[in-house]
Every structure is written in C-alpha cells, then in structure tokens.
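The residues making up each chain are set out below.
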Amino acid sequence: MADVHFTNVRIFDGGGEMPFMGDVLVAGNRITRVVKTGFGQRTPPVAGATVIDGAGAFLMPGMVEAHTHFSWNDQPSLDAIQRMPPEEHILWCAEVAKRYLDMGWTSCVGAAAAKPRLDVVIRNAINDGTIVGPRYLAASQEITVPGGLGDTTQPHLPQPEFAFGAVVSGAEEMRRCVRMFAKYGVDTLKINLSGESITGMPSEMSQFTEAEIRTCVEEAKAWGKRVAAHARSTWAIKQCVHLGIEVIYHASFADEEALDLLEAHKFDHFVAPGLAWLINTCHHASQWGLTPEVTKKMGYHRELEAAIQSMQAMRRRGIRILPGGDYGFAWTPHGTNAKDLDYFVKYVGMSTMEALLSATAWGGPMMKMGKQIGYIREGCLADILLIDGDPLADITILQDKARILAVMKDGEFHRAPPQRGARQPVSTTRWAA
Ligand SMILES: [Zn+2]
C-alpha cells in the first residue's frame, strides 16, 4: 500500500491540546511525520505518496470501545441472544465487527461472548485478514453461578452447556472454567460479580464467594490473561480493587470507601460504566415491554442516578472512565456507540475534550498497546479518522456515519475519503513519483 499524505487537516493528536492545522504522513502502518502548518499552507508532496487534501477536516486517532459484545445480536434478552445457532452467530459477529470499524472504532475490547469461542474466532479472523474488523481483544463467556446473572438454563432443561454464561460453583469449577477459556485463547476472563435487575437478580446483589473470585484471578494471571468484571454493587467494586481485577464494568454503586480505593489505585484499573444501557433501559425500551414504570420498579432509575453520581465523583478523582455502553441489545443497537461520549458530556460533566480523550488516549493502555494507538504522533500506529466538522464543538457528530469521512486502521483505509468533485469537502489526488 502506498504511503498516504494527509494535507490541510485540523489535527487532534490525542495529547489534550487544542487541534492545529497541519500535515500527517503515513508510511506502511505507522505515522511517520506530523507537521504544523498555517491554514491553506501545505508541505511539499512526498514522492509516491497518495495525497489526501483534507480541506480543513478534523483528523483524529481511531476510537477505542472498552465494553464490546459483537455476539449480542440486538435482542431484548440474554436468552434471545443465546438462541441464535452458532453458524448464524459467527456470521452475525463478523458483520457487526465491520460495523464498528465503519463507525470509527478502530479498536474494541471484548467484554464477553454469548458462546465459548465466538470472540476468539472473530479476533483471529480479523488478525489474519479473513474478515474486516477493528483490533480486538477476545473475551470468554460471562462466568457466573447457578441462578446467577447469565445462568439462563431452565429447571427442566438444566444443561449448563446451553446457558448464556459459563456456570460454575466452587473454586475448583472456577479453576477448570478459566483453564478452558485460556485453552481456547481468550484475552480476557469475564466474571459477573453482581446482578442485573432485568434478569431478576438485583444489581446490588453479589453472587460469588471471595474464594471463587480469588481463584479466577489467580488462575487467569497464571495464564497471562486479564480479568474484567460486571461489578454494579459497591462490594463488587471493592473486590475488583482488593483482588486486582483490572477492568471494572458499570461500577454504579460506589460508596466513599470504593471511591477512595479506586483513586488510590487509579492507574491499575479502567472503569467503563455502560451508561447507554442504563439510560436506554430507563427511557427507551417501552417497545419491548420495559416501560419507565417497569424499569423504575426494577430499580434502574435509582441505579442510573447512583451511576451518574459515581461517575462524576470518579471523574473528579482522575479515575479512568472509558466509553462502551453494552451495545447489542434491542434498545442499544450496535453502531450507536458514540452516544457514550455524549452521555459523558451530558451526565458525567466531562468537557468534549475529556470525552474524546476517554476514547483515544485511554484506549491504548486499555488495548494493552500503551501509546502505540490513541495518538497522532510520529511512530504511532496509523489508526486515523477524518471527520467532517469539529467533535470538540459538537461531540454528537461522531454518531453520524456520513460525518466520518474516512477510517484508516493500521495504515490501510477501511473507508477512503470521498473523491474530489463530490459535495463533501475532501478530495484525493495521486501525485506522480
Ligand atoms: Zn456487557
């Protein structure tokens, strides 16, 4: 693939500074040059490089989604998600993976799969070029207990192999389960520490013993795997800090002690609250029988309020909060993920700058890639978006595919910018060597 020379672009480099006009050169899969210029000025063409005249478009790092479920198939329940046969299910995941890239998410962190190997197979297929998708970390199924969140078996159909989650009881079953997923090649073990009211188990209820959780973490670490937890209750959040569970999903009910613990270990953890799930379950799920009256009774409105307060407190304390809202349910369809950034601004009190950084600068370490992604800087991997408009002025434009003019992952265009002559303000010219 030829080198690509973006000229006349407004560069948001991921470092927290205001954007500047400039040029970006991509050689192979890396950013090799970033130059500041005045508006309309440009550096001389680079021999052999494809020139993209951005006409002032906003150039930013590809975004990182911290709580992704490719295998959630936009259904209204865990049981309905699980019922899709494996053959259709893997095709679904492949289609959804492409959709994330389409919407500017060049990296995604798997937060559980609906069948044991879906995430691993998709990650491998993306990596070897069989299918198109973002960089991906593959997760296990949700590990749960009999009767816990994710145990969808029926009393008359008790076979655990057909459950939505991986059902274990006791430390030795946990150990066996972690080893099985390590054998399959997951990057992350997902453990459901607390409940989820829609499934009948309240969010503040916790389902594992400390011994079981400890075994999960110990065994995962022995295999070099990360642990991520569904942790809504304050007890669950504290267990994550005490036992070294790096990724904390939801964290709705964080009391003072939990906040203190998180702050004291702020660079050991990532928090992805999944606000989209709470907001849309409370207010936009009536079509599926979950009217506001129903979800209020379930406790979701109280939880949403608690979650907003917890996130505001975490933001003030400098705890890393990342986007990823449990997209893939009927009322949180895949592809609408950039709503999370708007929620961060509206509810958590982030500036648009902080919201953008939550999807870029924090994304590298979340992907275990350090500062290789999430920045427009020399030496970084070329995951680049070209945006029509200014997300710092209006963060919602990132929800609009038409405004995402180009998506580059690893130095290659997933979607090249529109050609010169089209109505959009961007054009492409090929310079002779
Ligand atoms: Zn989730």
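This one's a predicted model, so the numbers in the text were calculated from it and none came from an experiment.

Enquirer: Honestly, the sheet that holds strand 8 (residues 135-137) in this entry has me stumped. Any pointers?
Expert: The pairing of strands in a sheet comes from backbone hydrogen bonds and takes either a parallel or an antiparallel form. Taking strand neighbours across the sheet as the criterion, the three strands line up as 6-7-8 in an open arrangement whose pairing is parallel. This sheet does not close on itself; its edge strands, each paired only once, are strand 6 (63-68) and strand 8. Between one strand and the next, the sheet's axes are offset by a mean angle of 15 degrees, whatever the strand orientation. Two strands pair when backbone bridges link them, and strand 6 and strand 7 (residues 105-110) are joined in this way by four bridges, in the parallel orientation. Across the sheet, M63 pairs through a bridge with W105, a residue of strand 7. The strands touched by helix 2 (residues 86-102) are strand 6 and strand 7; relative to strand 7, the strand with the most contacts, the crossing angle is about 130 degrees.

Enquirer: Quick question: what am I supposed to make of helix 8 (residues 275-283) here?
Expert: Each α-helix turn comprises 3.6 residues. Residues three or four places apart therefore point the same way. Of all the nine residues making up helix 8, eight are buried; the element is thus mostly covered by neighbouring parts of the structure. Looking at the buried positions of helix 8, the neighbouring elements they touch are strand 12 (194-196), helix 9 (292-298), helix 10 (300-316) and helix 11 (339-348).

Enquirer: Hey, could you run me through the coordination of the zinc ion in this one?
Expert: Around a metal, the idealised angle for a tetrahedral arrangement of four donor atoms is 109.5 degrees; for an octahedral arrangement of six donor atoms it is 90 or 180 degrees. The zinc ion binds to the protein through H67 (NE2), H69 (NE2) and D326 (OD); the donor distances cover 2.0 to 2.2 Å. Counting gaps between the donor residues of the zinc ion yields the pattern H-x1-H-x256-D. One end of the pair, H69, is in the loop between strand 6 and helix 1 (78-82); the other, D326, is in the loop between helix 10 and helix 11, with 257 residues separating them in the sequence. Each member of the pair H69 and D326 is classed as buried.

Enquirer: Where do I start with the packing of helix 8 against helix 10 in this structure?
Expert: Between two packed helices, both the angle of their axes relative to each other and the distance between the axes serve to describe the pair. Axis separation between helix 8 and helix 10 bottoms out at 9 Å; the angle between their running directions is 145 degrees. Considering the relative orientation of helix 8 and helix 10, their crossing is left-handed. Residues L275, W277, L278, I279, T281, C282 and H283 of helix 8 form the contact with helix 10, whose own contacting residues are Y300, H301, E303, L304 and A307. Residue composition of the contact of helix 8 with helix 10, by class: eight nonpolar, three polar and one charged.

Enquirer: Which parts of the structure should I look at to understand the sheet that holds strand 9 (residues 139-144)?
Expert: Taking strand neighbours across the sheet as the criterion, the six strands line up as 10-9-11-14-15-16 in an open arrangement whose pairing is parallel. Two strands in the sheet have a free side with no partner beyond their single neighbour: strand 10 (166-167) and strand 16 (270-272). Each of strand 9, strand 10 and strand 11 (188-192) touches helix 4 (residues 171-184); the most contacted strand, strand 9, lies at about 165 degrees to it.

Enquirer: Which parts of the structure should I look at to understand the pattern of salt bridges?
Expert: Opposite charge on two side chains permits pairing when their charged atoms draw close. Under the definition given, this model contains 29 salt bridges. Put simply, E257 and K238 hold a salt bridge, and the shortest N to O gap is 3.1 Å. Taken together, the positions of E257 in helix 7 (residues 256-264) and K238 in helix 6 (residues 234-243) put the pair 19 residues apart, joining distant regions of the chain. A relative accessible area of 12% places K238 in the buried class. R403 is the partner of D388 in a salt bridge, and the nearest nitrogen-oxygen pair spans 3.7 Å. One end of the pair, D388, is in the loop between strand 17 (384-387) and strand 18 (404-409); the other, R403, is in the loop between strand 17 and strand 18, and 15 residues separate them in sequence. Among the residues examined, D388 registers a relative accessible area of 25% and is labelled partly exposed. Here the salt bridges do not stand alone but share partners, grouping E172, R175, R179, E218 and E219 into one network.

Rules of the game
- Residues numbered from 1 in each chain as written.
- Predicted model: local features only at pLDDT ≥ 70, side-chain atom pairs only at ≥ 80, totals over all residues.
- Heavy atoms only, no water.
- Pairing = 2+ DSSP bridges.
- Helix = DSSP H or I, 4+ residues; strand = E, 2+ residues; numbered from the N terminus.
- Axes fitted to C-alpha atoms, helices over the stretch in contact; angles between N-to-C directions.
- Contact = heavy atoms within 4.5 Å.
- Buried < 20%, exposed > 50% of the residue type's maximum accessible area, 1.4 Å probe, protein only.
- Donors = N, O, S within 2.8 Å, 3.2 Å for Na, K, Ca; no water.
- Left-handed = near helix turned anticlockwise from the far one by under 90°.
- Nonpolar A, V, L, I, M, F, W, Y, C, P; charged D, E, K, R; others polar.
- Salt bridge = Lys/Arg side-chain N within 4 Å of Asp/Glu carboxyl O.

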